[in-house]
Amino acid sequence: MLQAALVLADERGIDALSMRELGRHLGVDAMSLYNHVDNKDDLLNGIIDLVVGEIDLPPGDGDWSQAMRTRARSAQAAFTRHPWASQLLDSRTSSGPERLRYFDWVIGTLRRAGFTVDVALHAYSALDSYIYGFARQQANLSSGEPSSPETAQQMLAEIPTDQFPHLTEVITHHIDHGGYDPDADFDFGLTLILDSLARLLDDDTQPDDPAR
């Protein structure tokens, strides 16, 4: 049932997901679904847990930075497959087993790397704010965004280039280089965060923490 709800949310959007619509999709009476979930919130918690379960969490005994990079790229891919998920994730007040495993893995990987409890929490917040925010930005890109050379050409033709020289330069750059590359854009920001965290760890400038 949860897998069917996930498919329905992907196909029609999270706002279209209801117990009645899911029952219709499954060919059953909507009331029968309450034998499996308590209410719609329970259903949403379940499908979010399925999405989080798709995120690759490497073994915790390797390089922490590479593990975080792998996790971030996998999360971004999951949010690309399920564009509604990154926003819904923050609104859940309870966590299923996959979300709990996810949270524990992130903090545990950072702690084993040598980050203090406080800095590990800050690092978790910075990384996931970036991952979720980037996913939402990609999901909300308008049709006028220069994501392809063709779209960029159309956008360039519609603006007064003499009044917006820097915007013109960016659009022209996208045209010359084959369009906007979201993966390269994502990796650029991710690298900035990971490199900053690595310097903090290497310089041993973390705040004092009795639990370190």
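The text that follows walks through the structure, step by step, so that each part is easy to find. These figures come from a predicted structure and were not determined experimentally.

How each quantity is defined
- Residues numbered from 1 in each chain as written.
- Predicted model: local features only at pLDDT ≥ 70, side-chain atom pairs only at ≥ 80, totals over all residues.
- Heavy atoms only, no water.
- Helix = DSSP H or I, 4+ residues; strand = E, 2+ residues; numbered from the N terminus.
- Buried < 20%, exposed > 50% of the residue type's maximum accessible area, 1.4 Å probe, protein only.
- Contact = heavy atoms within 4.5 Å.
- Lys, Arg positive; Asp, Glu negative; His and termini not counted.
- Charge placed at Lys NZ, Arg CZ, Asp CG, Glu CD.
- Salt bridge = Lys/Arg side-chain N within 4 Å of Asp/Glu carboxyl O.
- Phe/Tyr/Trp six-rings, centres within 6.5 Å; stacked < 30°, edge-to-face > 60°.
- Axes fitted to C-alpha atoms, helices over the stretch in contact; angles between N-to-C directions.
- Parallel < 35°, antiparallel > 145°, perpendicular 65-115°, else oblique.
- Left-handed = near helix turned anticlockwise from the far one by under 90°.
- Nonpolar A, V, L, I, M, F, W, Y, C, P; charged D, E, K, R; others polar.
- Polar contact = N/O pair within 3.5 Å; in protein donor to acceptor, adjacent residues only side chain to side chain.

**Things to note about the overall build of the chain**
Argument step 1. Helix and strand content of the chain: ten helices and zero strands.
Argument step 2. Across its three principal directions, the C-alpha atoms of the chain cover 60 × 55 × 25 Å.
Argument step 3. Taken across its 212 residues, the chain has 42% of its residues classed as buried.
Argument step 4. Once local pairs closer than 6 in sequence are excluded, the contacts in the chain between residues at least 24 apart make up 68%.
Argument step 5. Of the side chains in the chain, 16 bear a positive and 34 a negative charge, and the two mean positions are spaced by 6 Å.

**Some details on the pattern of salt bridges**
Argument step 1. Inspection of the entire model under this criterion finds six salt bridges.
Argument step 2. For Arg24, the salt bridge identified is with Glu21, shortest N-O distance 2.5 Å. Of this pair, Arg24 and Glu21 both sit in helix α2 (residues 19–26), separated by three residues, roughly a single helical turn.
Argument step 3. Classification of Arg24 by relative accessible area gives exposed; the value is 52%.
Argument step 4. One salt bridge in this structure joins Glu54 and Arg81, with 2.9 Å as the shortest N-O distance. Residue Glu54 is found in the loop between α3 (40–53) and α4 (64–81), and its partner Arg81 is found in helix α4; the two are separated by 27 residues along the sequence.
Argument step 5. Judged by its relative accessible area of 30%, Glu54 falls in the partly exposed class.
Argument step 6. Looking at Arg81, the relative accessible area reads 44%, which means it is partly exposed.
Argument step 7. Among the ionic contacts, a cluster of salt bridges with common partners joins Arg12, Glu21 and Arg24.

**Focus on the packing of aromatic side chains**
Each aromatic ring pair is summarised here by two numbers: the centre-to-centre distance and the angle between the ring planes.
Argument step 1. Using the criterion set out here, one finds seven aromatic pairs in the structure.
Argument step 2. When the ring of Tyr130 is compared with that of Phe134, the centres are 6.0 Å apart and the planes differ by 50°; the resulting orientation is tilted. Of the two residues, Tyr130 and Phe134 both sit in helix α7 (residues 117–139), four residues apart, roughly one turn of that helix. Take Tyr130 and Phe134: they sit in the same class, and that class is buried.
Argument step 3. Three or more aromatic residues link up through ring pairs in this structure, and these residues are Tyr102, Phe103 and Tyr124.

**Some details on the packing of helix α6 (residues 97–113) against α7**
Argument step 1. For the pair α6 and α7, interaxial distance at closest approach is 9 Å and the crossing angle is 125°. Viewed along their axes, α6 and α7 adopt a mutual orientation that is oblique. Pair α6 / α7 crosses with right-handed handedness. Here Tyr102, Phe103, Val106, Ile107, Leu110 and Arg111 of α6 come into contact with α7, specifically with Val117, Ala120, Leu121, Ala123, Tyr124, Asp128 and Tyr132.
Argument step 2. Residues belonging to the contact of α6 with α7 are distributed by class as follows: eleven nonpolar, no polar and two charged.

**Things to note about the packing of α3 against α6**
Argument step 1. Contact geometry for α3 and α6: axes closest at 7 Å, N-to-C directions at 45°. Of the possible angle classes, the one that applies to α3 and α6 is oblique. Handedness of the crossing formed by α3 with α6: left-handed. Between α3, through Ile48, Asp49, Val52 and Gly53, and α6, the contact on the second element is made entirely by Pro97, Glu98, Arg99, Arg101 and Tyr102.

**Side note on the side chain of Arg71**
Argument step 1. Tracing the sequence through the fold places Arg71 in helix α4.
Argument step 2. Given the relative accessible area of 0%, Arg71 is considered buried.
Argument step 3. One polar contact links Arg71 to Tyr102, side chain to side chain, over a distance of 2.6 Å.
Argument step 4. When near neighbours in sequence (up to four residues on either side) are disregarded, Arg71 contacts Ile55, Asp56, Leu57, Tyr102, Trp105, Val106, Leu127, Asp128 and Ile131.

**A closer look at the environment of Leu127**
Argument step 1. Looking at the element boundaries, Leu127 is found in helix α7.
Argument step 2. Sequence separation of Leu127 and Gln154 is 27 residues, and the distance between their C-alpha atoms is 35 Å.
Argument step 3. Ignoring anything within four residues of it in the chain, the contact list for Leu127 reads Met68, Arg71, Leu190, Ile193, Leu194 and Leu197.

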